[in-house]
Amino acid sequence: MMASAPAPPTLPISNPQSGGGAPSSVANGGATPIATPAFRLFLSRLSDSARRSLSNRRPWAELLDRSAFSRPDSLSDGASRIRKNLAYFRVNYIALLAAVLAVSLLSHPFSLLVLLGLLAAWCFLYLFRPADPPIVLFGRTFSDRETLGGLVLLSIFVIFLTSVGSLLISAILVGAAIVCAHGAFRVPEDLFLDDQDPGGAAAGFLSFLGGAASSAASAAGPVVSARV
């Protein structure tokens, strides 16, 4: 009986993806991934901060109390009323301005889509994009500085050289006119301004973006340090 032939030796097989091959962005067709944990943390902190700040608003029934409206005696009286009402209803006024902006954008879907596209470009291409792999577009690799410069130029073009900028400015002017009209005709004598720390509610409302952004930045610290 003949002895069986020995089995051929097993040759090692190297994985081409583990070597110094092409970046994963090229392998994925140029798609740019996003730092999902940092992005989710940013949205979570943004929602929590906005909800906490809006909880400091005054009751809307108090804002729209028709018995407290009267014509100001003079221009100085109207200006004094506006200052007092701004200090008391500031969170409500900011929410009103945001509502006017939202209505203006919803009534112009093209401008809304352009702004959403600009926001998505900032999020996916710079703010929450991992440092590695770099952006590869049409066979060319773009550095972080080039990406930032392109996004800044794109933002200037969208806001100042299209109808989006005029829409935003007109909406802000309409909201400011509504706020000033309400503040001038709302009698502030029944308002207790000492109940709230001056600027406390507004500071919380206006700083929620900074707080959420700083939280997301701390979560994405390794990404930022890798870029530097």
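Residues numbered from 1 in each chain as written. Predicted model: local features only at pLDDT ≥ 70, side-chain atom pairs only at ≥ 80, totals over all residues. Heavy atoms only, no water.

Enquirer: Any chance you could break down the UniProt feature "transmembrane region" (unreviewed entry) in the chain for me, citing the residues and the numbers?
Expert: The UniProt feature table records "transmembrane region" (unreviewed entry) at residues 87-106, 112-128, 148-179 and 199-224. For the annotated span residues 112-128, helix accounts for 94% and strand for 0% of the residues, and the straight-line distance between the end C-alpha atoms is 22 Å. Annotated as residues 148-179, this span is 94% helix and 0% strand, and its ends, taken at the C-alpha atoms, are 36 Å apart. (UniProt positions renumbered as here; feature names shortened; annotations may be inferred. Helix = DSSP H or I, 4+ residues; strand = E, 2+ residues; numbered from the N terminus.)

Enquirer: Please give an account of the nonpolar core that cites residues and values.
Expert: In globular proteins that are soluble, nonpolar side chains generally tend to be buried together. With 9 residues, the main nonpolar core is built from Leu 105, Leu 115, Leu 118, Ala 121, Trp 122, Leu 151, Val 158, Val 164 and Leu 167. Those elements that place two or more of their residues in this core are α5 (109-127), α6 (144-160) and α7 (163-185). With 4 residues, the top contributor of residues to this core is α5. Ignoring anything within four residues of it in the chain, the contact list for Leu 118 reads Leu 154, Ser 155 and Val 158. Of all hydrophobic cores here, the second largest spans 5 residues; its members include Leu 63, Phe 89, Tyr 93 and Val 179. (Core = buried A, V, L, I, M, F, W, Y, C linked by side-chain atoms within 4.5 Å. Buried < 20%, exposed > 50% of the residue type's maximum accessible area, 1.4 Å probe, protein only. Contact = heavy atoms within 4.5 Å.)

Enquirer: Requested: an account of the pattern of salt bridges, with residues and values cited.
Expert: Taken as a whole and judged by the stated rule, the model has 1 salt bridge. Across the salt bridge formed by Asp 77 and Arg 81, the nearest N and O atoms sit 3.7 Å from each other. Taken together, the residues Asp 77 and Arg 81, both in helix α4 (residues 75-106) and 4 residues apart, mark about one turn of the helix. In this structure Asp 77 comes out as partly exposed when scored by relative accessible area, which is 22%. (Salt bridge = Lys/Arg side-chain N within 4 Å of Asp/Glu carboxyl O.)

Enquirer: How would you summarise the confidence of the model for the chain if you had to cite specific residues and measurements?
Expert: Confidence in the prediction for the chain averages 73 pLDDT; 60% of positions are at 70 or higher. The secondary-structure element of the chain with the lowest mean pLDDT is helix α1 (residues 24-27), recorded at 42, while α7 shows the highest, at 93. Confidence over residues 16-32 falls short of pLDDT 50; this stretch has 13 contacts with residues more than four positions distant or in other chains. (pLDDT = per-residue confidence, 0-100.)

Enquirer: Please provide a residue-by-residue account of the layout of surface pockets, values included.
Expert: Once rolled over the atoms, a probe with the size of a water molecule shows which space is left empty. If you add up the space inside the second largest pocket, you get close to 300 Å³. In terms of lining, the second largest pocket is formed by Leu 105, Leu 112, Leu 115, Leu 116, Leu 118, Leu 119, Trp 122, Ser 155 and Ile 159. Of all the secondary-structure elements, those providing two or more residues to the lining of the second largest pocket are α5 and α6. Ranked by residue count, the leading element in the lining of the second largest pocket is α5, at 6 residues. Among the residues forming the lining of the second largest pocket, the class breakdown is 8 nonpolar, 1 polar and no charged. (1 Å grid on protein atoms, 1.4 Å probe; cavity = no way out; pocket = protein on both sides within 12 Å on 5 of 7 lines; lining within 4 Å. Points joined across faces, edges and corners; volume = space filled by probe spheres on them. Nonpolar A, V, L, I, M, F, W, Y, C, P; charged D, E, K, R; others polar.)

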